[in-house]
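Architecture and fold: a report
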Amino acid sequence: IVPKNDKYFTEYSKINSLYKVTNFTGSAGFALILKRKNYLYVDGRYTLQAKNQSGKKFVICEIPQNFPENLAEIKNKVIGFNPKLFTEATLYKYFKKKTTLRPIEYKFHDNIKIKTEKFFTLATSITGEHTDSKINRLIIYLKKNKIDYLYVSASENVCWLLNIRGKDLPNSPLANCKLVLTKKKKIFLFTDLNKILSLKKMFKKKVSFHNENSIFQVINKFKNGNFCIDKNTCSIFDQGLISGKFKIKSKSDPIYHLKSIKNQTEIKNTINSHILDGVAVTKFLYWFKNNKKKLTEILIEKKLEKFRKKSKAYLYPSFETIAGSGPNGSIIHYRSNRETNREIKKNDILLLDSGGQYKWGTTDITRTMCNGYVSKEIKNNFTRVLKGHIAVFNCNINKNYCGHFIDKLARKYLKIAGLNYSHGTGHGVGFFLNVHEGPQGISKNNRVVLQKGMILSNEPGYYSENKYGIRIENLIYIDQSKNNLFFKNLTFAPIDIDMINFKMLTTDEKNYLFQYHLDIYSKLSKFLNNSEKKWLVNLIK
């Protein structure tokens, strides 16, 4: 079994065995290599992309509809897996004990060289909470649940707890590391020791630093007790080391929940980042709508990046930009390259999904736009997506208290027309961390109760295979007035009114669009030139 992740289980990594084996560039999936047949498992976002990139040598299977457990070929077979790259929960989900699994270490990147980048710390003025306060909250949780040791195997959670960041990933400011916290407040950090010289000075005697491969030697000196691990990021290898001496009482890292609720400082810094990003995207949209020269998808990506780089606070993209024109837009997470790069024809619509890591915040925005004639079919479907997008923002969170219910609202107007989309409506977003964060989300299977301070994406879409794609995405956060929870927009950039069939909108939906574009003008106009301001004013109607 070949996974995409490395031993830190991050979404993005400089090591990607799945790509090396299959040529598939998507952000999620795994391959099953049998003696006579190969399978590539991806979710609904990537089925078209996987067929294009890997379909000649792999049978493409969509999950969760299909798992290896359904394959007759694996019955009475022995399947090898690397115990450092899989969790117990993942293997059970894939195979449900329908075959014999044999641990065997293998890797495809023997000669890969990764630059050693130093970790850095974030001040409390940026994070809004000191590390000591976060640790105290965790200690209360451990004592309440009679847990002696917490093994934090997710780098993002270690980064949140210690207020540190790094440059170990291409699109997220993560520092690859793991950590053990004891109920007596002792901290043991496991990482590449060449990266943490500055941390030693800051944490002094609070943190004990160890090589990333020395977990067994360290915990073997602990007194017997109960451990908490995380089922989604603790490898079978590490779980085995821990369970050999300790009782594993819990398999859910409490940091995921604590991290998902942003404090006022994190929200404030995120808002500031979105203002900067909104300026860049708005200037780009004006340029695109008024451009008369030939454009390609790659040129579009470079142009948007150029606008973002004008901000001194901009660091790098929060993921690889998706610029899909015409039929390429129907590939949900399309990536343009030399072979697929299309010239954008006059009547093509363009789906542009992009984001940035800023000092200090993470952005993610999708706009679908045109620069020519738009057919009635496309206008109507764009409007149905827009109605779902507005329904999410305006929903009663007290009533629709989790993503499961809100997801239904987003799909309502598409489903009336017999249409749908094969991805979730929204994902959680980190604070200057991962652009995709759990446990909160908006999808049919997400029942995490939404709370004040959570940040999510709002991105319904529609994709007509080999024809076009539509998606409208804003980031939103949850605020509260008395006992009422409600969404507020973080993203401020125009929605292309040339794509809308206004006859399909209700008065309330038209009012939303009017107010949204008015808010954009009030927040961004001082950063725009006269031509850009005039264009933006014309959208307020």
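**What to know about the sheet that holds strand S16 (residues 322-325)**
- Spatial ordering of the open sheet is given by S16-S17-S20, a layout of three strands whose pairing is antiparallel. Edge positions in the sheet fall to S16 and strand S20 (365-370), since each of these pairs with one other strand and no more. Pairs of neighbouring strands in the sheet enclose a mean axial angle of 10°, with direction left out of account.
- Of the strand pairs in this sheet, strand S17 (residues 349-354) and S20 are connected by six bridges, and their pairing is antiparallel. What sits directly across from Leu 350, in S20, is Met 369.

**Things to note about the pairing of strand S12 (residues 207-211)**
- Pairing of strand S11 (residues 187-191) with S12 involves five bridges; the strand directions are parallel. Paired with Leu 189 across the strands is Phe 209, a residue of S12.
- Remark: the S11/helix H7 (residues 197-203)/S12 crossover connection has right-handed handedness.

**Details of the packing of aromatic side chains**
- Under the criterion given, the structure shown has 22 aromatic pairs.
- Ring centres 6.3 Å apart and planes at 55° place the aromatic pair Tyr 462 and Tyr 468 in the tilted group. We note that Tyr 462, like Tyr 468, is buried.
- Taken together, Phe 30, Tyr 39, Tyr 41, Phe 67, Tyr 94 and Phe 95 form an aromatic cluster joined through their ring pairs.
- Stacked on the ring of Trp 160, the Lys or Arg Lys 134 has its end atom at 4.3 Å from the ring centre.
- Across from the ring centre of Tyr 8, 5.4 Å away, lies the NZ or CZ of Lys 178, which sits over that ring.

**As for the side chain of Asn 381**
- By secondary structure assignment, the location of Asn 381 is in helix H13 (residues 376-393).
- Since its relative accessible area comes to 4%, Asn 381 is described here as buried.
- Contacts of Asn 381, omitting those with residues within four sequence positions, involve Leu 414, Leu 419, Tyr 462, Tyr 468 and Ile 470.

**Observations regarding the pairing of strand S23 (residues 455-458)**
- Burial of the side chains of S23 extends over both faces: Ile 455 and Ser 457 are buried on one face and Leu 456 and Asn 458 on the other.
- Bridging between S23 and strand S26 (residues 474-481) involves four bridges; their strand directions are antiparallel. By the bridge assignment for S26, Ser 457 is matched with Leu 475.

**A closer look at the nonpolar core**
- Core analysis: the largest hydrophobic core is formed by 71 residues, its most contacted members being Phe 284, Ile 300 and Phe 487.
- It is helix H11 (residues 264-290) that contributes the most residues to this core, nine residues altogether.
- Contact partners of Phe 284, with chain neighbours within four places excluded, come to Ile 300, Lys 303, Leu 304, Phe 307, Leu 352 and Met 369.

**What to know about the pattern of salt bridges**
- According to the stated counting rule, one finds 24 salt bridges in the structure shown.
- Between Asp 148 and Lys 183 there is a salt bridge, with its nearest N and O atoms 3.0 Å apart. A residue pair is termed long-range when its members are at least 10 positions apart, and Asp 148 in the loop between helix H5 (131-144) and strand S8 (149-152) and Lys 183 in the loop between strand S10 (178-182) and S11 qualify at 35 residues.
- For Arg 411, the salt bridge identified is with Asp 407, shortest N-O distance 2.7 Å. One end of the pair is Arg 411 and the other is Asp 407, both in helix H14 (residues 403-416) and four residues apart, which spans about a single turn. As far as burial versus exposure is concerned, Arg 411 and Asp 407 are alike and both buried.
- Counted as one network, the salt bridges with shared partners bring together Glu 156, Lys 259, Lys 262 and Glu 437.

**Looking at empty space enclosed by the protein**
- Overall, the coordinates contain three cavities of 30 Å³ or more when judged by the stated rule.
- Of the voids in this model, the largest cavity is the one considered here, and its volume is about 50 Å³.
- Along the walls of the largest cavity sit Val 281, Phe 284, Leu 285, Leu 304, Leu 352, Ser 354, Ile 365, Arg 367 and Met 369, which together make up its complete lining.
- Those elements giving two or more residues to the lining of the largest cavity turn out to be H11, S17 and S20.
- Of the residues in the lining of the largest cavity, the class split is seven nonpolar, one polar and one charged.
- In this structure, the second largest cavity is lined by Thr 10, Glu 11, Tyr 12, Leu 169, Ser 172, Leu 174, Asn 434, Val 435 and His 436.

**A few points about the packing of H13 against helix H15 (residues 507-524)**
- Direction vectors running N to C along H13 and H15 enclose 80°, while the axes themselves pass 11 Å from each other. Here H13 is positioned roughly perpendicular relative to H15, judged by the angle of their axes. Taking contact as the criterion, the partners of Leu 386, Lys 387, His 389, Ile 390 and Phe 393 in H13 are, on H15, Glu 509, Tyr 512 and Leu 513.
- Split by residue class, the contact of H13 with H15 holds five nonpolar, one polar and two charged.

**Let's talk about H14**
- Between its first and last C-alpha atoms H14 spans 20 Å; for 14 residues at 1.5 Å apiece the expected length is 20 Å, and the two agree.
- Among the residues of H14, those classed as buried are Gly 403, His 404, Ile 406, Asp 407, Ala 410, Arg 411 and Leu 414.
- Where the residues of H14 are buried, they touch H13, strand S22 (437-442), strand S24 (461-464) and strand S27 (484-489).

Cut-offs applied
- Residues numbered from 1 in each chain as written.
- Predicted model: local features only at pLDDT ≥ 70, side-chain atom pairs only at ≥ 80, totals over all residues.
- Heavy atoms only, no water.
- Pairing = 2+ DSSP bridges.
- Helix = DSSP H or I, 4+ residues; strand = E, 2+ residues; numbered from the N terminus.
- Axes fitted to C-alpha atoms, helices over the stretch in contact; angles between N-to-C directions.
- Right-handed = clockwise from strand over helix to strand, strands pointing away.
- Phe/Tyr/Trp six-rings, centres within 6.5 Å; stacked < 30°, edge-to-face > 60°.
- Buried < 20%, exposed > 50% of the residue type's maximum accessible area, 1.4 Å probe, protein only.
- Lys NZ or Arg CZ within 6 Å of the ring centre and 35° of its normal.
- Contact = heavy atoms within 4.5 Å.
- Core = buried A, V, L, I, M, F, W, Y, C linked by side-chain atoms within 4.5 Å.
- Salt bridge = Lys/Arg side-chain N within 4 Å of Asp/Glu carboxyl O.
- 1 Å grid on protein atoms, 1.4 Å probe; cavity = no way out; pocket = protein on both sides within 12 Å on 5 of 7 lines; lining within 4 Å.
- Points joined across faces, edges and corners; volume = space filled by probe spheres on them.
- Nonpolar A, V, L, I, M, F, W, Y, C, P; charged D, E, K, R; others polar.
- Parallel < 35°, antiparallel > 145°, perpendicular 65-115°, else oblique.
- Expected span 1.5 Å × (residues − 1).

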